[in-house]
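One letter stands for each residue in the lines below.
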Amino acid sequence: VFASGTSTQTWAAVFAALIAAAGNIVFLYVVVERAKKCLDFGATLYCFHLVFCWMYGGMPAHWQWWTTTIGSALVTVLLGEFMCARREMRDITIGRR
């Protein structure tokens, strides 16, 4: 898409990457639950993405792909850590008897 695509196709791919980042944030929030581990899990997700892209079509060579992927990874890790940290900082409620 980045090599021969039109501007509309390129922006659609960028938007799709940000939508995927939102899904990854939910994954980190639900599965990981710890802010300390969000960087590891988020980086692992995008390393697997790079490996699968490389296996499917060769090593990505376009700067737009790298920019989109790194930006999406940053959004995933930073917002995932923020959401998990908010969860960790919530008050613990103790029920009455």
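Use the structure listed above.
Each value, and the rule that gives it
Residues numbered from 1 in each chain as written. Predicted model: local features only at pLDDT ≥ 70, side-chain atom pairs only at ≥ 80, totals over all residues. Heavy atoms only, no water. Helix = DSSP H or I, 4+ residues; strand = E, 2+ residues; numbered from the N terminus. Buried < 20%, exposed > 50% of the residue type's maximum accessible area, 1.4 Å probe, protein only. Axes fitted to C-alpha atoms, helices over the stretch in contact; angles between N-to-C directions. Parallel < 35°, antiparallel > 145°, perpendicular 65-115°, else oblique. Left-handed = near helix turned anticlockwise from the far one by under 90°. Contact = heavy atoms within 4.5 Å. Nonpolar A, V, L, I, M, F, W, Y, C, P; charged D, E, K, R; others polar.

(A) Representation of unusual backbone geometry within the structure. Although it is not a glycine, E33 sits at a positive phi angle of roughly 65°. Inspection of the secondary structure puts E33 in the loop between α1 (7–32) and α2 (35–57). Given a relative accessible area of 40%, E33 falls into the partly exposed group.

(B) How the structure looks around the packing of α2 against helix α3 (residues 63–88). The interhelical angle for the contact between α2 and α3, taken along N-to-C directions, is 155°, at an axis separation of 8 Å. One finds that α2 runs roughly antiparallel with respect to α3. As for the relative orientation of α2 and α3, their crossing is right-handed in sense. On α3, the residues touching A35, C38, L39, G42, A43, Y46, H49, L50 and C53 of α2 are W65, W66, T69, S72, A73, T76, V77, G80, E81, C84, A85 and E88. Residues that form the contact of α2 with α3 fall into these classes: 13 nonpolar, six polar and two charged.

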